[in-house]
Amino acid sequence: MTAEYQVHGDVAVITLNNPPVNGLGLDTRRGIVDGLERAQADAAVKAIVVTGAGGAFSGGADIKEFGTEKSLQEPNLHSVISAVENCAKPVVAAIHGVCMGGGLELALGCHYRIAAPGCSVALPEVKLGLLPGAGGTQRLPRVVGVEAALNMIVSGEPVKSEFIGAVPGQKLFDRMAASPESLPEEALAFARSVAEARPLPLVRNLPCKHPEGDAYFQFARNMVKGMAKNFPAPAKCVDAVEAATRRKFADGLQYERELFINLMWTPESRALRHLFFAERAASKIPDVPSDTPKRDIKKVGVIGAGTMGGGISMNFLNAGIPVTILEMKQEALDRGIATIRKNYEAQVKKGKLKEDKYQQRMALLSTTLSYDDLKDCDLIIEAVFEELGVKEAVFRQLDQVAKPGAILASNTSTLDVDRIAAFTRRPQDVVGMHFFSPANVMKLLEVVRGKATAKDVLATVMAIAKKIRKTAVVSGVCDGFIGNRMIERYSQQAGFLLDEGCTPSQVDKAIERFGFAMGPFRMGDLAGNDIGWAIRKRRYVEKPDMKYSKTADLLCEMGRFGQKTGAGWYDYAPGKRDAIPSPMVEKMVEEHRKALGIAPRKISDEEIVQRLVYSLVNEGAKILEEGIASKAGDIDMVYLTGYGFPIHRGGPMHYASEVGLFNVVQAMKRFARNPLDDARAWEPAPLLARLAAEGKAFA
Ligand code: T1G
């Protein structure tokens, strides 16, 4: 059983022991009920303590069980909590570390609660698109008050034990232990002190009212509506807590259960649960054991003080890691440092960064014009001009001066990391670290694994990525790695849609209604249309059979690179970022269509969204098949954290699985018959075709 039973004198102790977070899986639930029965059958036992092994009381229901047979098997969590409440002997929850979700609900079902200082409690179900489903919305308001409870439930955020609000006379913890270390003994003593107490207190019997019920819950609904645009769960949290103030406990519990089960099957909850595991899985590299020794990164060198080099440097400064920035000219260094200062000062001005923290970070920053000053760096990241010759010069220099064991990383966004590694005598120490602009803001980091990249280098980079709060995803070497390779197909489709009858704003609005933060044309104007232009020029040489709309080239030939030139696909008022549909661009597109003899047709939002999203899916399936990405969830993480894919859709690969891969392939077949499209681009990747034929989803 993953719940151990021991008797200490006249107190039975049930210890949840289901690593890593004592998830309340079926086996653990059975263990608790079994322990309660044994304790009640043992006359020598006067009271019972429930506690958690390791660093947590419990991280809640076992999310891995959701949707499986086990999650439906008795005893479910409700039954476990009822068994605790109906126990003839007092049950004391001894709480330390993490106590969240079903774990907190279990503790709320106990007669008493003793907590160690520093423990944190939360009902985070809303972050999984759910609401507390084992009485949390009914019991928590009874011990911390309606408003404090609703805030915790709608935010899902943990609250430290020291800050638990308390309604006078009611409180979440009956007793605070002196320390986590003394909790076990103090819990036994506390249990003995209440062993004869009768009647046993039940949270469910406490009153639950809000003085201005209607007005308060209306206010709560308005607040929630604004914050939860695409997610149904927060509003249901309000409904459930309101029920706690209006209905008998048993009715409120039943109502909560109904809401919970409905939410469990929503696509939004399925997406969030998928992403919960995908985010954690992304940090695991199939052939690199998690206990692989990591190199110590005490000092970082960054080559290039431009936008990327400055942003990259800030990540390490923010994590308290000293950085030396190398540039070729003093004025470039001065410009780069000035930009870093400006970024920090803007944060200080907004109250997001304290002045002393800003100064501490700047004190970790040094600059140099000499490679020699990088010789004691443990990790050196180059962020120089995206041209192989320039990278070659940098890496040959680094190979001369960097100390043995230093990790040499390239921030390249498309170049071949294997070729870059070959400029050194230490290819095993070379890796790609592709940050996304602005590098100090975007969470995504593509870790590009070269053929020779050593496993401990990968393990080190993944660990340092976590330290600088990046979502790191490992990519193999190919043109564009994961994100940019897929976005090229997406941009190709966006161009075809213009040729066939759409305007830039029609395409952008359709995909933004689907949930993207920004459509392809607004994104091009933000990033710079000249970046895609350079890639297409390269492509026209490397892959002459690749088909593109010419509109993007025509736009660049007009000098309309986007916001940086004050005009792109859209017009912009001076100094403003608001995208204004451009009659000049729409005229250019129309004239281009005429020149091609294309009669524009009305294209539905559905077709726009399908062609843009499925183009990502098909390329993603090829990336999976080639082993460039090791998991479909990794591709989803790339698109969520680097390209603004809507969270409530779970990422392109998860979304395709939800739509049904058979349906995706059927749509692709339709698109392939469009003579103005690129039929080859719609040939399903063999992996996608196979899964679709077998009625399967991406793993
Ligand atoms: N179920 C299953 N596995 C879980 C889990 C859970 N609840 N929580 C964590 N894990 C796994 C995670 O996948 C990872 O696995 C490992 O534990 C370490 O996680 C009825 C229905 C607890 C604060 O939402 O917030 O109760 O990758 O890297 O940074 O109302 O995990 O090692 O194989 O995050 O120390 C509600 C979610 C469930 C809590 C620990 N509970 N977890 O953070 O470690 S729904 C949650 C967390 C529920 C009831 C409802 C965090 C943590 P692997 P980690 P961490």
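Cut-offs and rules
- Residues numbered from 1 in each chain as written.
- Predicted model: local features only at pLDDT ≥ 70, side-chain atom pairs only at ≥ 80, totals over all residues.
- Heavy atoms only, no water.
- Pairing = 2+ DSSP bridges.
- Helix = DSSP H or I, 4+ residues; strand = E, 2+ residues; numbered from the N terminus.
- Axes fitted to C-alpha atoms, helices over the stretch in contact; angles between N-to-C directions.
- Contact = heavy atoms within 4.5 Å.
- Buried < 20%, exposed > 50% of the residue type's maximum accessible area, 1.4 Å probe, protein only.
- Right-handed = clockwise from strand over helix to strand, strands pointing away.
- 1 Å grid on protein atoms, 1.4 Å probe; cavity = no way out; pocket = protein on both sides within 12 Å on 5 of 7 lines; lining within 4 Å.
- Points joined across faces, edges and corners; volume = space filled by probe spheres on them.
- UniProt positions renumbered as here; feature names shortened; annotations may be inferred.
- Near = heavy atom within 4 Å.
- Polar contact = N/O pair within 3.5 Å; in protein donor to acceptor, adjacent residues only side chain to side chain.
- Areas by Shrake-Rupley, 256 points an atom, 1.4 Å probe, with all protein chains shown as cover.
- Domains from an automatic or database assignment.
- Buried area = accessible area lost by both parts, 1.4 Å probe.
- Salt bridge = Lys/Arg side-chain N within 4 Å of Asp/Glu carboxyl O.
- Nonpolar A, V, L, I, M, F, W, Y, C, P; charged D, E, K, R; others polar.

A.B. asks: Help me understand the sheet that holds strand 13 (residues 365–368) in this model?
C.D. replies: By definition, the strands of a sheet pair up through backbone hydrogen bonds, in either a parallel or an antiparallel sense. Strand order in the open sheet formed by eight strands is 13-12-11-14-15-16-17-18, with mixed pairing between adjacent strands. The open sheet has two free edges, formed respectively by strand 13 and strand 18 (471–475), since each of these has just one partner strand. Taken pair by pair, the neighbouring strands of this sheet meet at an average axis angle of 25°, ignoring direction. Across the sheet, helix 15 (residues 388–401) lies against strand 11 (300–303), strand 14 (379–382), strand 15 (407–410) and strand 16 (430–435), angled at about 170° from strand 15, the strand it touches most.

A.B. asks: Mind showing me how you'd approach the pairing of strand 2 (residues 11–16) here?
C.D. replies: Consecutive residues of a regular strand have side chains that alternate between opposite faces of the sheet. Where burial is concerned, most of strand 2 is hidden: six out of the six residues are buried. Residues of strand 2 alternate between two faces, with Val-11, Val-13 and Thr-15 on one and Ala-12, Ile-14 and Leu-16 on the opposite face, all of them buried. In textbook terms, the turn of a hairpin is the stretch between consecutive antiparallel strands, and for strand 1 (residues 3–8) and strand 2 this stretch comprises two residues, one of which, Gly-9, has a positive phi near 65°. Inspection of the sheet shows strand 2 paired to strand 3 (residues 47–52) by six bridges, in the parallel sense. For Leu-16, the partnering residue across the bridge sits in strand 3 and is Gly-52. Between the parallel elements strand 2 and strand 3, the chain passes through helix 1 (residues 26–41) in a crossover that is right-handed.

A.B. asks: Teacher, can you tell me more about empty space enclosed by the protein here?
C.D. replies: Empty space left among the atoms is revealed by rolling a probe the size of a water molecule over them. Scanning all chains against the criterion turns up one cavity of 30 Å³ or more. Taken as a whole, the largest cavity encloses approximately 60 Å³ of empty space. Listed by contribution, the elements that provide at least two residues to the lining of the largest cavity are helix 18 (483–500) and helix 24 (605–625). Broken down by element, the residue count for the lining of the largest cavity peaks at four residues, all from helix 24.

A.B. asks: Got a minute to help me understand the sheet that holds strand 7 (residues 112–115) in this structure?
C.D. replies: Strand order in the open sheet formed by six strands is 1-2-3-5-7-10, and the pairing between neighbours is mixed. The two strands at the open ends of the sheet, each matched to only one other strand, are strand 1 and strand 10 (175–176). Two elements, strand 1 and strand 2, share six bridges in a ladder whose sense is antiparallel. Bridging from a neighbouring strand, Ala-3 pairs with Leu-16 of strand 2. Where helix 7 (residues 183–193) meets the sheet, its contacts fall on strand 1, strand 2, strand 3, strand 5 (91–95), strand 7 and strand 10, and the angle it forms with strand 7 comes to roughly 155°.

A.B. asks: How should I be thinking about the UniProt feature "domain: 3-hydroxyacyl-CoA dehydrogenase NAD binding" (unreviewed entry) in the protein in this particular structure?
C.D. replies: Taking the numbering used here, the UniProt-annotated feature "domain: 3-hydroxyacyl-CoA dehydrogenase NAD binding" (unreviewed entry) corresponds to residues 299–475. Strand forms 20% of residues 299–475 and helix 41%; the C-alpha atoms that close the span are 25 Å apart.

A.B. asks: Hey, could you run me through the site of the ligand in this one?
C.D. replies: In the vicinity of the ligand lie 25 residues, with Gly-102, Glu-105, Glu-125, Gly-133 and Lys-284 positioned nearest. At 2.9 Å, a backbone N or O of Ile-63 approaches a nitrogen atom of the ligand. Within the contact set of the ligand, a nitrogen atom lies 3.3 Å away from a side-chain nitrogen or oxygen of Lys-64. Starting from 990 Å² of accessible surface for the ligand in isolation, the protein chains cover 73%. Among the elements of the structure, helix 4 (102–109) and helix 11 (267–282) are those that each provide at least two residues to the shell around the ligand.

A.B. asks: Whenever I open this one, the domain arrangement of the protein confuses me. Can you help?
C.D. replies: How big an interface is tends to be stated in terms of the accessible area lost upon association of its parts. Annotation of the protein at the domain level lists domain 1 (3–264), domain 2 (300–475) and domain 3 (483–693). For domain 2 and domain 3, the distance between their C-alpha centres works out to 30 Å. Summing both sides of the interface, domain 2 and domain 3 together bury roughly 870 Å²; the carbon and sulfur share of this comes to 60%. The largest contributions to the domain 2 side of the interface with domain 3 come from Thr-414, Leu-444 and Val-473, which together make up 39% of the buried area. Put simply, domain 2 and domain 3 have zero salt bridges between them. Viewed at the interface, domain 3 and domain 2 are joined by one residue pair in polar contact (both at pLDDT 80 or more). Put simply, the parts of the chain that give the side of domain 2 that touches domain 3 at least two residues each are strand 17 (444–448) and strand 18. In terms of residues, the side of domain 2 that touches domain 3 owes the most to one element, strand 18, which gives four residues. Each residue belonging to the side of domain 2 that touches domain 3 can be placed in one class, and the counts come to five nonpolar, five polar and two charged.

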